[in-house]
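# Survey of secondary and tertiary structure
Below, each chain spelled out in residue letters.
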Amino acid sequence: MKLRQRVWAFVSVAIDLVRRSATLSLIVPANGVQPTVAHAKSFALPLALALDSGLPFLIAAHHLNGEQQYASHFDGKIEAPRIFSRPLEAEALRVFDCQPRTGATEAGLVAFWDFADGISTLSVKDLSPNGLHGSLRQLPRRGVTGFHWSGSVHDWRLSPREYAAIHFHSDDIYDCGWQTTCALDVPADWRSGVYALRLTPGGNDPEANCESYVTFFVTPGRKSRRADFVIVASVATYLAYANSALRLYQVHFETLMEHVLWLPQDDVFMQENPEIGQSTYDCHVDGSGRAYSSWLRPILNMRPRGYWFNLINDTHILDWLEEKGISYDLITDVELDREGARALAPYRVVMTPTHPEYYSFSMMNAIMAHQNAGGRHISMGGNAFYWRCGFHPAAPAALEVRRGMAGTRTWESEPGEVHLAGTGEPGSLWRHSGFAPQKLVGVGFSAMINDTCGYYLRTAESEDARAAFIFEGVDRDEKLGDFGFRYNGAVGSEIDRYDLDLGTPRHALRIATSEGLGAGALPTPEEFRTVVDGLDGTQNALVRADMVFFETANGGAVFATGSITYGVSLGHNNYDNNISAITLNVVTRFLDPAPFVIPAQA
């Protein structure tokens with residue numbers, strides 16, 4: 001009988017060394033209208049049979065050799081594997097439930113591995129008296145529904161027994177385990193920032209023009225003199241997109257992006273070497289979504305000269321800061337996750353770049369605490385603070401993402417599998433945790449733009465005296481950002497809008513809003529409840545980017561652009577343009593220690 005995909009089945013084997021035979025049994029329990037099915041088949045064992053390999057016992061793979069190399073990796077869920085030293089009927093073995101109690105052990109029980117114990121860890125507990133505990137390699141997915149899942153709970157912490165499975169994938173990857181070939185002691189006088197190690201072939205290699213880069217971040221030391229201004233690199237988002245292969249395998253990619261697919265050498269390498277792992281936007285070979293992305297492996301799209309997006313876009317902001325002579329430090333959101341608000345305490349002004357999409361609980365609260373303590377926040381991006389995610393406590397180099405049942409996504413979490421295995425918290429949209437981005441920065445994800453980018457026009461609220469400093473040197477009727485590098489517009493890619501119902505502060509000023517968006521500007525799924533005509537940017541008033549300003553407690557303030565492409569418009573016309581002017585006005589005033597004042601009616 002052939003096993004059916006995505007259907008629980010109990011498989012067992014009984015070995016009789018006296019008769020030198022083995023019986024393989026398969027039981028598929030009743031499911032819906034399908035009755036229970038059972039099959040068994042016996043086989044003769046070879047005369048020379050070595051049962052003890054002398055190697056560690058493996059589940060979901062077998063040893064290729066004795067040198068820690070493995071083969072035949074399993075794709076699918078496994079729950080509660082067990083071993084007995086005495087014969088049991090297949091059904092008795094299937095229903096055996098190991099519930100240890102004082103003074104009582106099951107005769108002949110060798111091992112019973114309970115995957116429901118320690119879901120947030122990389123440890124596997126054996127409930128038998130033998131204590132044959134194990135550990136997980138390459139971060140297979142826990143916190144997944146098992147055979148006993150009833151649908152009555154969706155949080156594994158409430159009923160671990162219903163989540164007593166592990167989903168193994170043959171292409172799981174956490175740590176490549178490479179030996180160190182190059183180490184750098186960062187000189188104490190280096191500035192914080194984004195760096196890259198450039199690699200080129202040695203000797204008389206015929207491909208002498210070949211090069212590659214390894215990106216790394218240098219953050220201030222504990223004793224470093226700090227600037228008043230800090231930009232927070234979006235490492236969690238870089239990881240979520242790390243080695244994205246959507247354009248390689250998604251048949252609709254060219255239609256979505258409205259341009260012909262082109263493959264740089266990095267993409268070719270990923271196709272030829274899939275073992276380096278893909279992004280949380282891709283799927284495993286069994287079709288399930290990838291929930292983890294780690295920096296302990298080569299990352300080919302987070303480096304100079306790579307495919308546009310994320311880090312490449314963010315370097316346009318760094319370039320602008322350098323051009324304008326603005327003194328700044330750089331930290332990453334990993335520091336926010338590990339240190340919370342303490343990471344931002346030395347700074348008056350925080351800037352988040354073009355696409356800080358993935359934020360953990362600690363990151364979100366660190367930004368909010370900074371704002372409420374009088375700090376100033378310049379949010380330069382779009383689709384910001386969107387997905388709730390987390391770094392896995394037992395695998396700290398790995399970001400964990402669960403897609404939930406809504407949001408702009410390329411795969412969807414299985415029913416009951418929205419909660420992160422590492423922390424237990426729901427891994428869906430921040431909007432669905434009651435902390436929409438509007439509550440943090442005044443704007444939140446509205447739409448994706450797959451065709452022509454747009455620009456901003458000032459609103460009547462931009463004439464409020466509170467916002468006068470923002471538009472110094474900018475004419476009232478100018479089109480703001482009807483230009484841009486690569487995108488030809490400051491309103492593009494992904495955009496965010498003002499919404500009082502989702503938490504935009506009542507005293508926030510919507511100082512500019514987008515114009516010029518076309519039929520390729522489409523709302524994110526959570527922005528509409530049913531499919532109707534008129535959803536695109538030519539007819540839908542919710543498909544827009546809003547530029548927002550508001551004051552916070554203790555003299556702080558927030559300025560948000562609501563667009564990914566805003567930052568890549570800064571360098572247009574040799575940095576002499578209205579987007580650059582507006583940004584410089586904001587940075588200059590935000591660095592000024594003079595406090596902002598929340599209006600009395602707020």
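Preceding this section is the structure that the text describes.
The structure contained in this document is the topic of the report that follows.

### Some details on the overall build of the protein
Within the protein, the secondary structure is distributed over ten helices and 30 strands. Computed over the C-alpha atoms, the radius of gyration of the protein is 28 Å, within 12% of the 25 Å expected from 2.2 N^0.38 for a compact globule of 602 residues. Each of the three principal axes of the protein carries a C-alpha extent, and together these read 95 × 65 × 50 Å. Per-residue burial for the protein yields a buried fraction of 51% across its 602 residues. Once local pairs closer than 6 in sequence are excluded, the contacts in the protein between residues at least 24 apart make up 69%. Accessible area for the protein stands at about 28800 Å²; split by element, carbon and sulfur atoms hold 52% of it. Within the protein, the 68 negative side-chain charges are centred at a point lying 6 Å from the centre of the 50 positive side-chain charges.

### A closer look at the environment of Gly537
Summarising the element assignment, Gly537 is placed in the loop between strand 28 (521-523) and strand 29 (546-551). Distance in space between the C-alpha atoms of Gly537 and Pro523 is 8.0 Å, their sequence separation being 14 residues. When neighbours within four sequence positions are excluded, Gly537 is seen to be in contact with Leu517, Gly518, Ala521 and Val543.

### Examining unusual backbone geometry
For Ala60, which is not glycine, the phi torsion reads 75° and is therefore positive. With respect to the element layout, Ala60 can be found in the loop between strand 3 (37-44) and strand 4 (62-63). In this structure, Ser72 takes a positive phi of about 55° despite not being glycine. For Ser72, a relative accessible area of 52% gives the class exposed.

### A short note on the packing of aromatic side chains
By the definition in use, this model includes 20 aromatic pairs. Ring pairs connect the aromatic residues Tyr241, Tyr281, Phe309 and Tyr358, which therefore count as one cluster. Over the ring of Phe391 we find Arg338, and its NZ or CZ is 4.9 Å from the ring centre.

### Description of the nonpolar core
With 103 residues, the main nonpolar core has Leu336, Ile378, Tyr456, Ile470, Phe559 and Phe590 as its most contacted residues. Discounting residues that sit within four places of it in the chain, Leu336 has contacts with Val232, Ile331, Ala343, Leu344, Tyr359, Ser362, Met363, Ala366 and Ile367. Formed by twelve residues, the second largest nonpolar core is a distinct cluster that contains Val153, Tyr163, Ala395 and Ala397.

### Considerations on a nonpolar patch on the surface
On the surface, Leu3, Val11, Val13, Ile15, Leu17, Leu24, Phe43, Leu49 and Leu51 cluster together into a nonpolar patch covering about 810 Å² of accessible area. For the nonpolar patch, the element with the highest residue contribution is strand 1 (residues 10-16), accounting for three residues. Mapped onto the secondary structure, Val13 falls in strand 1.

### Let's talk about the sheet that holds strand 6 (residues 76-79)
An order of 6-12-11 is seen for the three strands of this open sheet, with the pairing classed as antiparallel. Looking along the sheet, the strands with just one partner apiece sit at the ends: strand 6 and strand 11 (141-144). Averaged over all adjacent pairs, the angle separating strand axes in this sheet is 35°, with direction ignored. Judged from the two bridges that link them, strand 11 and strand 12 (residues 165-168) form a sheet pairing that is antiparallel. Considered in strand 12, the bridge of Val144 is made with Ala165.

### A few points about the environment of Gln68
As for its position among the elements, Gln68 is in the loop between strand 4 and strand 5 (70-71). A sequence separation of 13 residues divides Gln68 from Leu55, and the C-alpha atoms of the two residues are 9.4 Å apart.

What counts, and at which threshold
- Residues numbered from 1 in each chain as written.
- Predicted model: local features only at pLDDT ≥ 70, side-chain atom pairs only at ≥ 80, totals over all residues.
- Heavy atoms only, no water.
- Helix = DSSP H or I, 4+ residues; strand = E, 2+ residues; numbered from the N terminus.
- Rg over C-alpha atoms; globule rule 2.2 N^0.38 Å.
- Buried < 20%, exposed > 50% of the residue type's maximum accessible area, 1.4 Å probe, protein only.
- Contact = heavy atoms within 4.5 Å.
- Areas by Shrake-Rupley, 256 points an atom, 1.4 Å probe, with all protein chains shown as cover.
- Lys, Arg positive; Asp, Glu negative; His and termini not counted.
- Charge placed at Lys NZ, Arg CZ, Asp CG, Glu CD.
- Phe/Tyr/Trp six-rings, centres within 6.5 Å; stacked < 30°, edge-to-face > 60°.
- Lys NZ or Arg CZ within 6 Å of the ring centre and 35° of its normal.
- Core = buried A, V, L, I, M, F, W, Y, C linked by side-chain atoms within 4.5 Å.
- Patch = residues over 30% accessible without salt bridge, like charges linked within 9 Å, V, L, I, M, F, W, Y side chains within 5 Å.
- Salt bridge = Lys/Arg side-chain N within 4 Å of Asp/Glu carboxyl O.
- Pairing = 2+ DSSP bridges.
- Axes fitted to C-alpha atoms, helices over the stretch in contact; angles between N-to-C directions.

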